Amino acid sequence: MAKKEMWKGNEAMSEVALRAGCRFFSGYPITPQTPITEYLAWRLAEVDGVFIQAESELAAATMLLGASIAGARALTATAGPGLSLMTESLSCLASGRLPAVIVDVQRGGAATGNLQGAQSDYNMVTKTLGHGGLKGLVYGPSTVEELCDIIYDAWDKAEKYRTPVFILSDASLGQMMEPVDIKPFKQLDESRFDLPYVIGREESEKKVIQDTPYAGPYSTMSENLDYNYRKYNEMYEQWKEDEVLYEEYMMDDAEYVIIGWGMAARISKSAIRNLRKKGIKVGMIRPISLFPFPEKPLNALDAKKIKGILVVEMAIPALFYHDVKAQVDKNIPIKANLHCGGYLSQVDEIEEDILKMAGGK
Amino acid sequence: MEKSYLFAGSGGQGVQTLGTLVAHASNEEGHFTTFLPAYGGEMRGGTSNCTIKMADEEIGSPEEKLYDNVIVLNKPSYDRFKGRVKKGGNLFVNSALIEDAQADGVNIISINLSEAAKEAGSDKALNIVMYALVLACTKDISLENAEKVLNDKLGKKEQFRAINKKAFDIGVKASK
């Protein structure tokens, strides 16, 4: 294997998106997402792709919609208030079950907030894409390499299930440099041309993007929505069986469990190593897919063996914490270690919280 | 092995370039590496800083409360970060802008970067002098790899390559 190269998260992710077949990007620059827009502005031109700097995030997400229907592997990226502006089109993507990839480089706080990393868009993305209660696959990578791995396969998933795929990055992951193995260009399968939403082999070939017995996905007929959404929901339930991703770290003999995702989780690994040196048996469960949520490994935590759970999260009030709490045995004490507004989780505070749980050992 | 570095200076002194070079050199050395720039208001003036970690296993947190090495290029950065060095760690200071640096229990390594850069042939080369001095002192990265990365990343133009080479040698010499 060639030596890994140092790449910033935003740029690495953009290059890998291209190699995964992405040939359309519409976006509007907003810190800390801007390097993605900047990179793809010149790089997409080199591979005969389409780059559009839209007039707003709403327009960018709506262009994404069009590109997706036309069959392009399409991407948009945003942050903070830009995500709010995109929600109208996100619900449209979810309702049409259109394949596209959206990256949110999360920043601190609500409204303007600030420019540092945070995890506070978790609920907004995992609970529903826009209004209407529909979903997409949602991932929360914790390293630059994992961010690249996820986006490399994102369109394969999007096309397999005909669904939007959402990636929750953040300012620190986007700006951070780490060694990455930049993967080769994917050869897209010829069978793509037979997929319902993809532009056909012939220019005149017409396609129907939704095979319901009624009108298309945007019909207002109750029977149609009810029929479609029941089918969608079956798919979401099936994702729990087939698409759950998580990492278990030092869990074999763990008595205390840290549960976190993204940056908060990787920071927790430093605390776990320090605590292990002090003889504290602590491990971690790290959800990588945030929807579907890894319920089973959390359900399986045994109150006879596990003495405490610490949820580490960069959001105040807690968001992810409540999803964890709903899945774990009520007899296991559970606490949260929270930061927000651009402060990253702190190793020494995580250690202190676990030590307190362990009775000051 | 896990080593941490914090680089800080004023915008324009080349702190991010300095940190980026160290990060690439660390990767060249085969270490797991993270580079985290301070992102936000700093980009629009004021102090600029970045943190680097290198290790022989996967890196968790990309930042630390206390660092093995803190490198400060101007007075505001010195004031802000002098207390962030581990006991027995190194505090590298630019004595052209920081007079009488003091810190308990840490090694202070001073160099007048203005003079050194002038000697190398360009005021802008001050970050390259510090790059060489830091890596020559800490020995976390071989000087061969440090120089290779310098040439790979900043060696495209002949006239700069010569200045960088001189600045690098001045930094190495100052470590002895």
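These numbers come from a predicted model, not from an experiment. (Residues numbered from 1 in each chain as written. Chains lettered and ligands numbered in written order. Predicted model: local features only at pLDDT ≥ 70, side-chain atom pairs only at ≥ 80, totals over all residues.)

Chemist: A description of helix α12 (residues 347–357) of chain A should follow, citing residues and the corresponding values.
Modeler: Two residues of an α-helix separated by three or four positions point the same way, owing to the 3.6 residues in each turn. Those residues of α12(A) that sit buried are V347(A), I350(A), I354(A) and M357(A). The buried side chains of α12(A) occupy one side of the element, clustering within an arc of 90° when seen end-on. (Buried ≥ 20, exposed ≤ 12 C-beta atoms within 10 Å, placed from the backbone. Helix = DSSP H or I, 4+ residues; strand = E, 2+ residues; numbered from the N terminus. Arc of directions from axis to C-beta.)

Chemist: Could you give an account of the environment of E255(A), naming the residues involved and the relevant values?
Modeler: Residue and element names in this part refer to chain A. For E255, the location among the structural elements is in the loop between β9 (246–249) and β10 (256–259). Looking at E255, the number of C-beta atoms within 10 Å reads 15, which means it is partly exposed. When the C-alpha positions of E255 and K281 are compared, they lie 5.4 Å apart, and in sequence the two are 26 residues distant. Filtering out sequence-adjacent residues up to four positions away, E255 remains in contact with K281, K305, I306 and K307. (Contact = placed C-beta atoms within 7 Å.)

Chemist: With reference to specific residues and values, describe the sheet that holds strand β13 (residues 308–313) of chain A.
Modeler: All names here are of chain A. Ordered in space as β9-β11-β10-β13-β14, the 5 strands form an open sheet in which the pairing is mixed. The open sheet has two edge strands, β9 and β14 (334–338), and neither has a second partner. On average, each strand axis in the sheet is inclined to that of its neighbour by 20°, with strand direction left out of account. The strands touched by helix α9 (residues 262–277) within the sheet are β9, β10, β11 (282–287) and β13, with β11 carrying the most contacts at an inclination of about 170°. Together, β10, β11, β13 and β14 form the strand contacts of α12, whose direction differs from that of β13 by roughly 160°. (Pairing = 2+ DSSP bridges. Axes fitted to C-alpha atoms, helices over the stretch in contact; angles between N-to-C directions.)

Chemist: Lay out the domain arrangement of chain A in plain terms, naming residues and giving numbers.
Modeler: Residues and elements named next belong to chain A. When cut into domains, chain A gives domain 1 (5–209) and domain 2 (247–357). Taking only C-alpha atoms into account, the centre of domain 1 sits 28 Å from that of domain 2. Taken together, the contacts link 23 residues of domain 1 with 21 residues of domain 2. Those elements that place two or more of their residues in the side of domain 1 that touches domain 2 are α5 (122–126), β6 (137–139), β7 (164–170) and α7 (171–175). Tallied by class, the residues present in the side of domain 1 that touches domain 2 amount to 8 nonpolar, 13 polar and 2 charged. (Domains from an automatic or database assignment. Nonpolar A, V, L, I, M, F, W, Y, C, P; charged D, E, K, R; others polar.)

Chemist: Tell me about the interface of chain B and chain A, residues and numbers included.
Modeler: On the chain A side, the residues contacting the 15 residues of chain B number 22 residues. Only α1 (15–28) and β2 (32–37) of chain B provide two or more residues apiece to the side of chain B that touches chain A. Classifying every residue of the side of chain B that touches chain A gives 6 nonpolar, 7 polar and 2 charged.

Chemist: Kindly report on the sheet that holds β6(A), identifying the contributing residues and their values.
Modeler: Residues and elements named next belong to chain A. Taken together, the 7 strands give an open sheet; going across it, the order is β3-β2-β4-β5-β7-β6-β12, and neighbouring strands pair in mixed fashion. Two strands lie at the open edges of the sheet, namely β3 (50–53) and β12 (289–291), each paired on one side alone. Neighbouring strand axes in the sheet, compared pairwise and without regard to direction, differ in orientation by 20° on average. Alignment of strand β4 (residues 74–78) against strand β5 (residues 100–106), held across 4 bridges, turns out to be parallel. What sits directly across from L75, in β5, is V101. Helix α6 (residues 144–161) rests against β5, β6 and β7 of the sheet, and its axis sits at about 165° to β7.

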